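Residues per chain, in single letters:
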Amino acid sequence: MPETPILEFRNVTVAFDTVTALRDCSFIMRAGETRVILGAAGAGKTVLLKAALGLYPAASGRIVAFGQDVTDLPEKAWYPVRAKMGVLFQEGGLFDSLTIEENVSYPLLNQHGAQFASGAEVLSRVRDALRFVELEHTLDKFPSELSGGMRRRVGIARAVVTAPPLELYDSPTAGLDPITANTIIALIVKERDLRNTATMMVTHRYQDGQLLANFRYNPDSGKLEMAPPGRSLRTIFMVLEDGQLVFEGSQAELEAS
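All figures in this text were calculated on a predicted structure; none of them were measured in a lab.

What follows deals with the sheet that holds strand β6 (residues 85-88). The sheet built from 6 strands is open, its strands ordered β6-β7-β8-β3-β11-β12 with mixed pairing. Edge positions in the open sheet fall to β6 and β12 (244-249), since each of these has one partner strand only. For this sheet the average axis-to-axis angle between neighbouring strands, irrespective of direction, equals 15°. Note: strand β3 (residues 34-38) against strand β11 (residues 235-241), 5 bridges, orientation parallel. Paired with Arg35 across the strands is Ile236, a residue of β11.

Summed over all chains, the structure comprises 4 aromatic pairs. Plain terms: the ring middles of Phe9 and Phe27 are 4.8 Å apart, the flat faces sit at 25° to each other, and that makes the pair stacked. Of this pair, Phe9 sits in strand β1 (residues 7-16) while Phe27 sits in strand β2 (residues 19-29), placing them 18 residues apart in sequence. Each of the two residues, Phe9 as well as Phe27, counts as buried. For the ring pair Phe16 and Tyr56, a centre distance of 4.9 Å and an interplane angle of 80° mean the geometry is edge-to-face. Linking Phe16 in strand β1 with Tyr56 in the loop between α1 (45-52) and β4 (60-65), this pair joins segments that are 40 residues apart in sequence. For Phe16, a relative accessible area of 35% gives the class partly exposed. Positioned above the aromatic ring of Phe132, the side-chain terminus of Lys190 is 4.4 Å from the ring centre.

Before going further, it helps to examine empty space enclosed by the protein. By the definition in use, this model includes 1 cavity of 30 Å³ or more. Approximately 30 Å³ is the volume found for the largest cavity. Taken together, Thr46, Leu49, Lys50, Leu53, Val87, Phe89 and Asp170 form the lining of the largest cavity. Taken together, the residues of the lining of the largest cavity break down into 4 nonpolar, 1 polar and 2 charged.

In this section: the nonpolar core. Ranked by size, the top nonpolar core spans 38 residues in total, and within it Val104, Leu130, Val133, Val154, Ile156 and Ile188 carry the most contacts. When contributions to this core are tallied by element, the ones reaching two or more residues are β3, α3 (100-110), α4 (119-132), α5 (148-160), α6 (178-195), α7 (206-214) and β11. With 6 residues, α6 is the single largest residue contributor to this core. If near-sequence neighbours (up to four positions away) are discounted, Ile188 is found in contact with Ile156, Tyr169, Pro172, Thr199, Met201 and Leu212.

For strand β7 (residues 166-170), the buried fraction is high: 5 of the 5 residues fall into the buried class. Neither face of β7 is exposed, since Leu166, Leu168 and Asp170 on one face and Glu167 and Tyr169 on the opposite face are all buried. Relative to strand β8 (residues 198-202), β7 is paired through 5 bridges, and the arrangement is parallel. Bridge pairing in β8 places Tyr169 opposite Met201. Crossover β7 to β8 through α6 is right-handed.

What follows concerns the environment of Leu254. Relative to the assigned elements, Leu254 resides in helix α8 (residues 251-256). According to the relative accessible area criterion, Leu254 is buried, its value standing at 18%. Setting aside residues no more than four positions away along its own chain, Leu254 makes contact with Leu38, Tyr206, Phe237, Val239 and Phe247.

This part covers α1. Along an α-helix, a turn takes 3.6 residues, which lines up residues three or four apart on a common side. Most of α1 is tucked away: 6 of the 8 residues are buried. Listing the buried residues of α1 in full gives Lys45, Val47, Leu48, Leu49, Ala51 and Ala52. Two residues or fewer past α1, Gly54 is found with a positive phi of approximately 80°.

Conventions used here
Within any chain, residue numbers begin from 1 and follow the written order of that chain's sequence. Two thresholds apply to this predicted model, a pLDDT of at least 70 for residue-level local features and 80 or more for giving and counting side-chain atom pairs, whereas whole-chain, interface and lining totals are computed over all residues. Side-chain numbers come from the whole structure's heavy atoms, not from hydrogens or water. Should DSSP find at least two bridges between two strands, the strands are regarded as paired. Here a helix means four or more residues in a row that DSSP labels H or I, a strand means two or more in a row labelled E, and each is numbered from the N terminus. In this description, a line fitted to the C-alpha atoms serves as the axis of each element, helices being fitted only across the stretch in contact, and the angle between N-to-C directions of two axes falls anywhere from 0 to 180 degrees. Stacked, edge-to-face and tilted are the three classes for Phe, Tyr and Trp ring pairs, Trp counted by its six-membered ring, which pair at centre distances within 6.5 Å; planes under 30 degrees apart are stacked, over 60 edge-to-face, the rest tilted. Note on exposure labels: buried denotes an accessible area under 20% of the residue type's maximum, exposed denotes more than 50%, and partly exposed covers the range between, all computed with a 1.4 Å probe on protein chains only. When the NZ atom of lysine or the CZ atom of arginine is within 6 Å of a ring's centre and also within 35 degrees of its normal, the charge is said to sit over that ring. The rule is simple: put a 1 Å grid over the protein atoms alone, call a set of points where a 1.4 Å probe fits but cannot get out a cavity, call an open set with protein on both sides within 12 Å along at least five of seven lines a pocket, and count a residue as lining if it has an atom within 4 Å of a point. Grid points are joined across faces, edges and corners, and a volume is the space filled by probe spheres set on the points. Gly counts as polar in this scheme, as do all residues outside two lists: the nonpolar Ala, Val, Leu, Ile, Met, Phe, Trp, Tyr, Cys and Pro, and the charged Asp, Glu, Lys and Arg. Remark: nonpolar core denotes a set of buried residues (Ala, Val, Leu, Ile, Met, Phe, Trp, Tyr, Cys) joined through side-chain atoms within 4.5 Å. Whether two residues touch is decided by their heavy atoms; if any such pair falls within 4.5 Å, the residues are in contact. The path from the first strand over the helix to the second decides the hand: if it runs clockwise while the strands point away from the viewer, the crossover is right-handed.

Listed below in structure tokens is the structure:
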């Protein structure tokens, strides 16, 4: 029996008044798969991500998430669907007035179906998520006390704290220096490989996609390493131009295009 796709767009169009931001977009994403979305500013990359989250409605076409047609769901019905998605918005998207502990615990306490026996259980999961991004010592700090790269890492901790099967990253390395950017991508690879998470990443940096396509996380060394020759990491590149999906394929196919 074939596995149910994690996310499917069927000829999806998203429009704002007279402007078509996404046009007739179709693809199928499966568990453990990585999608790298490239394109110039205004090409429709973030629109695609927000349509997958139900934040932008489809003017036509169908969106299917976890086997459920979510195209016309009312807002309240989206809650259990979004509970299966982790999201890192541009710049991290943290709440300035909350501590790091409160930011990371937010999905645990507010997502649909979140049930915990005690505050101690929540704190334990928050600590685990922050330990995952090597920021356990920041529990009591506020976002303004952290560097841009550290805030982005906290954003990843918040995205992964519920262990969702689908992670969506919107320009996670934008505005960061190359070393910090590579650290962020290493964390995304780590999450993908340890939990077989389906990963969709919007980026302007082609090298981000190269890392996702060619490196894996080694839990024994705790570092990234080149994937063995011939081993597929199931990374698919998608290129958007003026709202249209103009390319979908492997890194080799993209570089030959």
